[in-house]
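Read off the chains here:
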Amino acid sequence: MNAPLPLQALALPPEAAPDTDPQETAEWRDAFLALVAAHGPERARFVLDELAALARQQRTGWQPTLNTPYVNTVAVEAQPVFPGDLAIEERLASLMRWNALAMVVRANQAEMGGSSELGGHIASYASAADLFEAGFNHFFRAREGTAPGQHRGDLVFFQPHSAPGVYARAYLEGRLTERDLQHYRQEITAPQEGAQGLSSYPHPWLMPDFWQFPTGSMGIGPISSIYHARFMRYLTHRQLLDCQQRKVWGVFGDGEMDEPESMSALTLAAREGLDNLVWVVNCNLQRLDGPVRGNGRVIDELERLFAGAGWNVVKLLWGSDWDGLFARDLTGTLARTLGGTVDGQMQTFAAKDGRFNRDHFFGQSPELVALAQGLTDEQIDRLKRGGHDLVKIHAAYAAAAAHRGQPTVILAHTKKGYGMGAAGQGKMTTHSQKKFDGGDLIEFRNRFNLPLTDAQATGLAFYRPAEDSPEMQYLHTRRQALGGALPRRETACDTVPVPPLAQYAQFALQPQGKEMSTTMAFVRMLGALLKDAQLGPRIVPIVADEARTFGMANLFKQVGIYSSVGQRYAPEDIGSVLPYREALDGQILEEGISEAGAIASWTAAATSYSVHGLAMLPFYIYYSMFGFQRVGDAIWAAADQRARGFLLGATSGRTTLGGEGLKHQDGSSHLVAATIPNCKAYDPAYAGELAVIVEAGMRQMLVEQQDVFYYVTLMNENYAQPDLPADAAEGVLRGCYVFNSWMRPTDGRERPISPEESVTLLGSGAILTEVVQAARQLAAEGIDVTVVSVTSWSELARDGIACEQRALAGEAAPGTPWLTQVLAGTRGPVIAATDYVRAVPDSVRAFVPAGRRYLTLGTDGFGRSDTRAALRRYFGVEAAHVAQVARQCLGAAPA
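### Things to note about the side chain of E590
- For E590, the position within the fold is in strand β10 (residues 589-590).
- With no salt bridge to any partner, buried E590 finds its closest opposite charge in R548, at an N-O distance of 7.5 Å.
- Polar side-chain contacts of E590 include one of 3.0 Å to the backbone nitrogen of G592.
- The contacts of E590, once residues within four sequence positions are left out, are V543, A544, D545, I561 and Y580.

Structure follows, in structure tokens:
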């Protein structure tokens, strides 16, 4: 077995080339210092920029490193005076830590009404507590109101694993009770015991008056915060709402930065100059199983990444206890040693005691030994990382809040499980730590000097000071100065009137056989809606990068594409009828090739009613395959946030986008959409159906203010559009209606209709046209056919399930499923055909009337590239196959 490497061998190798002329180097260094002393930093920066440009011109192969020394960005002499009572704030932070720990540990102890099944996290909040408290006490502003002059509040995205700490603060504020804390992660049983169940992570759907933003799916919070910050600029530039004094704060984990969504929009934030955005990355150096970068330094890596993307980087690494050490270190050995220690080793130092750190960190060189001579082992053990020092945190936050022209990231160095001692501080297993023995609890009590007896500590008693205590008075005073409690979700906003349907969609209701695609019909409706004086300004058209594909180029000229700098160029097509037009007050959000960015932008607009108290109506149109399949988790997060808006899945279905092939052909989006409770999914075949759906959705979201959003699939196939029957609207919205019936001609005398002579065909979306053709073929053969247009399989299924549940509950009048009612007026076997996998039409099988055979046709399997006709033959959803299946069913029907 190999012997372990000495600690010195674990430092990163030096990157600098050897100094071949130290005397000349010293002269250059002295000259630069003289320049700074005589003319100041601004002149020094100018000269450095000139030298860098000269170096590039001479092709020296040199470029400046994006890493700065491994010390705090805000120097001691630049720190503002701490504006609060440091002792009280430290006591409050300790109480938050304790109550959060007690909440999680109690939830996992059966003897305290919990269960080991519930889980929970302690270590993340233990590392972030001071980062949160500095924000709560000095920076995070809540909404004062919506009247002119009142602050509408900052947006704060909380690290999800730290949710217990936010609950602990809400408990001290009086917003949550002790009984609520006793029901952490017990949302079903809590109401039965007179308590509010507390969700595991920030979930607005589960706690609609508390959480604003869902961050529990890693990476969704970071990208969402960027697009929320940009949407605030959009509202300001369009003069809809002044958001200039508001900030977006995000507290995220360093491990979370590995998620692609966390990184994907960094350059957008810099390009847009979003100085209203501040990220605090809690660099506790450890993810769930081990170090984030065991063999490197994640803070250095993130600094390069953010600086290269154009962000302002503030490093918050070392606490005030280190200031004296750095000041006495005249050789720079301390900074070099810290900067050369890999994160895996830094975590070992965090997990060990002062004696170990004296021997193994300060013992690495005579200079460090000398620095540590005046410190006891306990003092070495108590040396704080920057993210645990309220004074240093405040200085970093103040610098970030004051910075202009760029978004800012604060890289805050912390210890995971800070204060958990031998039970978990810095340990590989700390993320999963949910249990403490009596000794560990008393050690934690002693570490933070908590006012608890041994019995209270081992009994995991929650602690809240008396209301008239200095701590509680301070807590309430600070929040009152910042607008009140936070997080706090509010939904009060004015309704937005919706124009009459005929005003913008008469062409769709009565197209009189004109050929068009449903995509074309939607774009025409959207253009008309944008002209409405009241609703028009609230509409937010969003595309990823396919506006021309979807026929939306006319909107470029009508309302413009939003750009925070206007249009600084003359577009190539400036002389055309439909030129590409960007504008400061542009209305379209054209997000480029970024489905993740576009859905984040849609979410920001779709939640404006709660985030800003201003209802907006986003329409995001995209290739349907790149919606639920590509960014389904982001759509789920939007549902959690109670989004209101329209998602338009264009070129939907597996056979409508003929030549594109497997990756572009959607056969499953309606299956996924059906799993989201507040998503109403529709697959209209005709423009009239689409118009009714859009009108109902707008009224439901803007007038009735219901927390739903709509997913509507559109096709790019042109075909004749029939007039919508006058009485069809209810069926369109409930999921289906009788489109037409073809009966054999008679001599006027009644004739009995037998099952052998009748068939019912169901179709939706693009395949309804095939179903209608099949019906005509069958009718010509003397078969009675009824065609039912299914506009929403999921709405039919939900309606049927609701009736079943009421019946199982013993209700006297549970109701009859809508599909059952509609099919009751038809005869014969029922055949359903769609452009989606068979599981979509199979979802309503239980609600087909008893005794009726039900057979589904769909597009299971991978897609192919070919013509529409060939694809429909291949999958067996073309008219000829539908008719053939009907004949076979009739032949097999009982006499």
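### Some remarks on the packing of helix α2 (residues 86-107) against helix α4 (residues 163-173)
- In the contact formed by α2 and α4, the axes pass within 8 Å of each other and the chain directions differ by 115°. Classed by the angle they form, the pair α2 and α4 counts as roughly perpendicular. As for how α2 packs across α4, the hand of that crossing is right-handed. Facing L92, L95, M96, N99, A100, M103 and V104 of α2, the residues of α4 in contact are P164, G165, Y167, A168, R169, Y171 and L172.
- Among the residues forming the contact of α2 with α4, the class breakdown is eleven nonpolar, two polar and one charged.

### With respect to the confidence of the model for the protein
- When pLDDT is averaged along the protein, the result is 91; 94% of the residues meet or exceed 70.
- Per-residue pLDDT stays below 50 along residues 1-14; that stretch engages in 14 contacts with residues further than four places along the chain or on separate chains.
- Overall, residues 747-753 carries pLDDT values under 50, and its contacts beyond four positions in sequence, including any with other chains, amount to eight contacts.

### Re a negative patch on the surface
- A cluster of acidic residues, D19, D21, E24, E27 and D30, forms a negative patch at the surface.
- Here E27 shows up in helix α1 (residues 22-57).

### Some details on the sheet that holds strand β1 (residues 155-157)
- Strand order across the open sheet formed by five strands is β1-β2-β3-β5-β4, with parallel pairing between neighbours. At either end of the open sheet lies a strand with only one pairing partner, and these are β1 and β4 (312-316). Each strand axis lies, on average, 15° off the axis of its neighbour in the sheet, ignoring direction.
- Bridge count between strand β3 (residues 277-283) and strand β5 (residues 408-413): six bridges; the pairing is parallel. Bridged to V281 within β5 is L411.
- Helix α9 (residues 298-309) contacts β3, β4 and β5 of the sheet and is inclined by roughly 160° relative to β4.

### Observations regarding a nonpolar patch on the surface
- On the surface, a cluster of nonpolar side chains totalling about 430 Å² of accessible area is made up of F32, L33, L48, L51 and L54.
- The topology assignment puts L33 in helix α1.

### A word on the pairing of strand β17 (residues 758-763)
- Where burial is concerned, most of β17 is hidden: six out of the six residues are buried.
- Alternating positions in β17 separate into two faces, S758, T760 and L762 on one and V759, L761 and G763 on the other, with burial throughout.
- For the handedness criterion, the β-α-β arrangement of β17, helix α29 (residues 767-780) and strand β18 (residues 784-790) is classed as right-handed.
- Relative to strand β19 (residues 830-833), β17 runs parallel, the two sharing four bridges. Counterpart to L762 in the pairing with β19 is A832.

### Quick notes on empty space enclosed by the protein
- As enumerated under the stated definition, the model contains eight cavities of 30 Å³ or more in all.
- As a volume, the largest cavity reaches approximately 210 Å³.
- What lines the largest cavity is a set of 16 residues, and nearest its centre among them are W322, F349, N357, I380 and K415.
- Looking at the lining of the largest cavity, the elements that each hand over two or more residues are α12 (343-351) and α15 (377-381).
- Ranked by the residues each element gives to the lining of the largest cavity, the list is headed by α12, at three residues.
- Lining of the second largest cavity is provided by 16 residues; of these, R143, R152, D154, Q212 and R488 occupy positions nearest its centre.
- Considering only residue class, the lining of the second largest cavity consists of six nonpolar, three polar and seven charged.

### Overview of helix α3 (residues 123-138)
- With 16 residues, α3 extends 24 Å from end C-alpha to end C-alpha; this agrees with the ideal 22 Å at 1.5 Å per step.
- If you look at α3, its biggest bend is around 50°, right at A129.
- With respect to burial, α3 is a largely interior element, 16 of its 16 residues being buried.

### Quick look at the layout of surface pockets
- In this structure, the second largest pocket spans a volume of roughly 480 Å³.
- Residue lining of the second largest pocket: F32, V36, P41, A44, R45, L48, D49, L51, A52, W62 and P64, and that is the complete set.
- Here the lining of the second largest pocket is composed, by residue class, of nine nonpolar, no polar and two charged.

### A closer look at the packing of aromatic side chains
- Considering all chains together, one arrives at 45 aromatic pairs under this definition.
- When the centroid spacing of 4.1 Å and the interplanar angle of 15° are considered together, the rings of F157 and F213 count as stacked. Taken as a pair, F157 in strand β1 and F213 in the loop between α5 (178-181) and α6 (220-237) lie far apart in primary sequence, 56 residues in all.
- Taken together, the ring pairs connect Y125, F132, F136, F139, F140, F158, Y167, Y184, F210, W211, W249 and Y397 into an aromatic cluster.
- Positioned above the aromatic ring of Y171, the side-chain terminus of R464 is 4.3 Å from the ring centre.
- Here R644 stacks its cationic end above the ring of Y609, 3.5 Å away from the centre of that ring.

### Notes on the pattern of salt bridges
- A full pass over the atoms with the stated rule returns 35 salt bridges.
- A salt bridge links R91 to E471, with the shortest nitrogen-to-oxygen separation between them at 2.8 Å. Remark: E471 occurs in helix α19 (residues 470-481) and R91 occurs in helix α2; sequence separation between them is 380 residues.
- R91 gets classed as partly exposed once you look at its relative accessible area, which sits at 38%.
- For E471, a relative accessible area of 14% puts it in the buried group.
- Here R868 ties to E717 by a salt bridge, and the two come within 4.0 Å at their closest N and O atoms. Taken together, the residues span a long stretch of sequence, with R868 in helix α33 (residues 868-875) and E717 in the loop between β14 (709-713) and β15 (719-720) at a distance of 151 residues.
- Overall, the relative accessible area of 28% leaves R868 in the partly exposed class.
- A relative accessible area of 12% places E717 in the buried class.

### Overview of the environment of G219
- Within the element layout of this structure, G219 appears in the loop between α5 and α6.
- The exposure class of G219 is buried, given its relative accessible area of 0%.
- It is 26 Å that separates the C-alpha atoms of G219 and S563, two residues lying 344 residues apart in sequence.
- When sequence neighbours within four positions are dropped, the list of residues in contact with G219 reads E256, E259, E261 and S262.

### Looking at the nonpolar core
- Among the nonpolar cores identified, the biggest contains 92 residues, and F619, F646, M698, L761 and V787 are the most heavily contacted of them.
- Here this core takes ten residues from helix α27 (residues 687-703), the largest share from any one element.
- The contact partners of F619, leaving out residues within four places of it in the chain, are F522, L526, I539, V540, P541, I542, F646, L648, V694 and M698.

### Some thoughts on the sheet that holds strand β11 (residues 617-623)
- One open sheet accounts for six strands, arranged β10-β7-β11-β12-β14-β13; its pairing is parallel. Each edge of the sheet is formed by a strand with only one pairing partner; in this case those strands are β10 and β13 (679-682).
- Direction of pairing for β13 relative to β14: parallel, over a ladder of four bridges. For A681, the partnering residue across the bridge sits in β14 and is Y711.
- In this fold helix α23 (residues 595-606) packs onto β7 (539-543), β10, β11, β12 (646-650) and β14, with an angle of close to 160° to the strand it touches most, β11.

What counts and what doesn't
Residues numbered from 1 in each chain as written. Predicted model: local features only at pLDDT ≥ 70, side-chain atom pairs only at ≥ 80, totals over all residues. Heavy atoms only, no water. Helix = DSSP H or I, 4+ residues; strand = E, 2+ residues; numbered from the N terminus. Buried < 20%, exposed > 50% of the residue type's maximum accessible area, 1.4 Å probe, protein only. Lys, Arg positive; Asp, Glu negative; His and termini not counted. Salt bridge = Lys/Arg side-chain N within 4 Å of Asp/Glu carboxyl O. Polar contact = N/O pair within 3.5 Å; in protein donor to acceptor, adjacent residues only side chain to side chain. Contact = heavy atoms within 4.5 Å. Axes fitted to C-alpha atoms, helices over the stretch in contact; angles between N-to-C directions. Parallel < 35°, antiparallel > 145°, perpendicular 65-115°, else oblique. Left-handed = near helix turned anticlockwise from the far one by under 90°. Nonpolar A, V, L, I, M, F, W, Y, C, P; charged D, E, K, R; others polar. pLDDT = per-residue confidence, 0-100. Patch = residues over 30% accessible without salt bridge, like charges linked within 9 Å, V, L, I, M, F, W, Y side chains within 5 Å. Areas by Shrake-Rupley, 256 points an atom, 1.4 Å probe, with all protein chains shown as cover. Charge placed at Lys NZ, Arg CZ, Asp CG, Glu CD. Pairing = 2+ DSSP bridges. Right-handed = clockwise from strand over helix to strand, strands pointing away. 1 Å grid on protein atoms, 1.4 Å probe; cavity = no way out; pocket = protein on both sides within 12 Å on 5 of 7 lines; lining within 4 Å. Points joined across faces, edges and corners; volume = space filled by probe spheres on them. Expected span 1.5 Å × (residues − 1). Bend = angle between axes of the 7 residues up to and from the residue. Phe/Tyr/Trp six-rings, centres within 6.5 Å; stacked < 30°, edge-to-face > 60°. Lys NZ or Arg CZ within 6 Å of the ring centre and 35° of its normal. Core = buried A, V, L, I, M, F, W, Y, C linked by side-chain atoms within 4.5 Å.

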